[in-house]
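Tertiary structure, described
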Amino acid sequence: MTSGMQPGHRNTEETKYGNGVPLMSAVSIAALLFLSFLLSFKLMQCDDHWWHILNGLWIIEHCSIPAVDPFSFTFNGQNWVQWEWLSGLVMALLWQTGGPIGLFILRFATLVALCVIFIRHFRNAGGSSGGASDVFQFALLVLLLLVIQGRLGDRPHFYIIPLFAAVILISDVRKQAVSGLDCFLIFVVFLFWANMHPSWLLGLGVIGAAAGDGLLKIVSEKRPLSGLLPHLFLLASAATGILSLLIFMDATQLHNAVAAIFADKVSAEWDPLFMHLGVAIVPTLAFFVLLFLWIPSAGDAFRRRRIFTVLFSVSLTVMAFRHVRFTVEAAVFAEPLIYSSFSVYCERLKLKASTRSLALLLIFVAGLSFSLRFSNYLGQNPGLGLDDMKNPVSLADFMQEHGCKGNLFATSKEAHGYFSFRLWPEILTFIDGRVPQVFPQSFLDVYTSIDNPEKLFEAVDKYKFDYVLLVNGLYKVQNVGVAGAIKSRGDFELMYFDESGAVFVRRGASCKECRPFVELDPWNADRRRIEKDSVLYEELQRLKRLAPDSQITGALLSLYGG
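Throughout what follows, the structure given in this document is the object of discussion. (Residues numbered from 1 in each chain as written. Predicted model: local features only at pLDDT ≥ 70, side-chain atom pairs only at ≥ 80, totals over all residues. Heavy atoms only, no water.)

The subject of this paragraph is the packing of aromatic side chains. Here the distance between the centres and the angle between the planes together describe a pair of aromatic rings. In the structure shown here, the tally under the stated rule is 27 aromatic pairs. Summarising the aromatic geometry, the rings of F37 and F41 are spaced 5.5 Å apart at their centres and angled 15 degrees between planes, so their arrangement reads as stacked. Residue classification places F41 among the partly exposed residues on the basis of a relative accessible area of 25%. Judged by centre distance (4.7 Å) and plane angle (35 degrees), the rings of W50 and F421 are tilted. Of this pair, W50 sits in helix 2 (residues 49-62) while F421 is found in helix 18 (residues 415-423), placing the two residues 371 residues apart along the sequence. On the basis of relative accessible area, W50 is assigned to the buried category, the value being 0%. Through a chain of ring-to-ring contacts, the aromatic side chains of W50, W95, Y418, F419 and F421 assemble into a single cluster. Directly above the aromatic system of F457 lies the positively charged group of R489, at a separation of 5.0 Å from the ring centroid. (Phe/Tyr/Trp six-rings, centres within 6.5 Å; stacked < 30°, edge-to-face > 60°. Buried < 20%, exposed > 50% of the residue type's maximum accessible area, 1.4 Å probe, protein only. Helix = DSSP H or I, 4+ residues; strand = E, 2+ residues; numbered from the N terminus. Lys NZ or Arg CZ within 6 Å of the ring centre and 35° of its normal.)

The following block contains the structure:
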């Protein structure tokens, strides 16, 4: 046995793939489950998941996939290519079953499935039982979970992470051949993936990299042409069959949409990775640790002529720096490479005695990252349910109770999904404009210059908004500016407000028994004596009836002595 290597691990290309090595210790598995639970246990924020759930509910009710957009005023009735219909269906079924708890279970199950797949991958890589190898394996998974938590949410691109890991496991280049079972498993994975999120293209990249490396291996060993079949063509045929049978979308449209997103970013989400150092320091720090560990692993893979695998991993890393969305994918793809080469660079650096120190160093870094994450955990609103500030629950309640109908604009593009979920079909919203070929990107110009009254008024008149809603905080600087601009128009009236936001209604809009606030202005409150202003007194009492639990209500009553 080579010095510096753990028992049961052979550092040769002839190592039998899948030798029987016990799984991680029960303590490590319990710790991973606990961390997965903590990361999953948080209130639902306002994001795209609401219109995904609404779409899933539509599919359940109609037993079909909508071919045209029924939800938005910007695209209503036009052809809609459903890239993620299955994700919406799964989310809707779980929402119907358990509400927010159902989506928590889905988040938790996603992380657990990812850990199970990687434990299997590490086992197949020949890792030893217990000792430094077990600790190293545990540390890598902790780091991976910390990277993922920065993108954790109720959205399709999160649910497909275990599918991505499964494709990496099934198509692992260390295998001597590809079996019929492998092809079937790849088919099953893509059966879900192709209908859950368009990132199935990354899965094809993994298969292509493995197939290319298999071809290079056969050529370098001067094996007969027949050797290509089990290594390359079965994978290619499986992928081709999946594409021809399951991918019903217009591939040209998908390509153009992705190209347009990268060519002209329409959201801070598309900023480079380094722009998020302050926003998501823990995931970014964990990613840099994994990247540092991956460099020698990539060198070893390149030495073993796994050139396509290295190129694909490098391309993912470059995309991660170009767009933070790919940070998770780069980490997921690199992690098995790191582990498979662990003993190799331990041997080269003669780290037999220091292997445990290296693993403990990783644990320290992971523990530090987790401590930073945990110190801010209370600020991340842990729990089961909705984040009332991010999800404009009280504003939607007011509109629903008063039978409001028409087109709605909110000062957060993500909030439109929640209003659609709560108020459709009476209320039509703009849902998601980040894919220009599916939804009109030009509408997002309103958000990039929302503090520009002229630009805002152009959108109000063009789309004939009946409602303008301030969300994510009544006194948010942006909202204060929008409120002033809307009031200056003279055709919108303030109908409701609390600390989470406000509802402005255009005169003549369909809103039953809505009475505007004339004297009570939450942005310009003063200490007038309430006895001398009967209108102000009446409005304070009406606000108390509309929003009895609002902190703003209590503050205004106290201010005016009511």
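Glancing now at the packing of helix 7 (residues 161-170) against helix 14 (residues 327-340). Relative orientation of the contacting elements helix 7 and helix 14 amounts to 30 degrees, with a least axis distance of 10 Å. If you check the angle between helix 7 and helix 14, you find them roughly parallel. As for how helix 7 packs across helix 14, the hand of that crossing is right-handed. Facing I161, F164, A165 and I168 of helix 7, the residues of helix 14 in contact are V328, E329, V332, F333 and P336. Partitioning the contact of helix 7 with helix 14 into residue classes produces eight nonpolar, no polar and one charged. (Axes fitted to C-alpha atoms, helices over the stretch in contact; angles between N-to-C directions. Parallel < 35°, antiparallel > 145°, perpendicular 65-115°, else oblique. Left-handed = near helix turned anticlockwise from the far one by under 90°. Contact = heavy atoms within 4.5 Å. Nonpolar A, V, L, I, M, F, W, Y, C, P; charged D, E, K, R; others polar.)

Let us look at a nonpolar patch on the surface. The grouping of I101, I105 and L384 at the surface amounts to a nonpolar patch, some 260 Å² of accessible area in total. Its place among the elements puts L384 in the loop between helix 16 (355-375) and helix 17 (393-401). Assessed through its relative accessible area of 43%, L384 is described here as partly exposed. (Patch = residues over 30% accessible without salt bridge, like charges linked within 9 Å, V, L, I, M, F, W, Y side chains within 5 Å. Areas by Shrake-Rupley, 256 points an atom, 1.4 Å probe, with all protein chains shown as cover. Salt bridge = Lys/Arg side-chain N within 4 Å of Asp/Glu carboxyl O.)

If you look at the biggest cluster of nonpolar residues, it comprises 148 residues, and the most contacted ones within it are M399, F419, Y467, L469, F497 and F504. Ranked by residues supplied to this core, first place goes to helix 5 (residues 131-149) with 11 residues. (Core = buried A, V, L, I, M, F, W, Y, C linked by side-chain atoms within 4.5 Å.)

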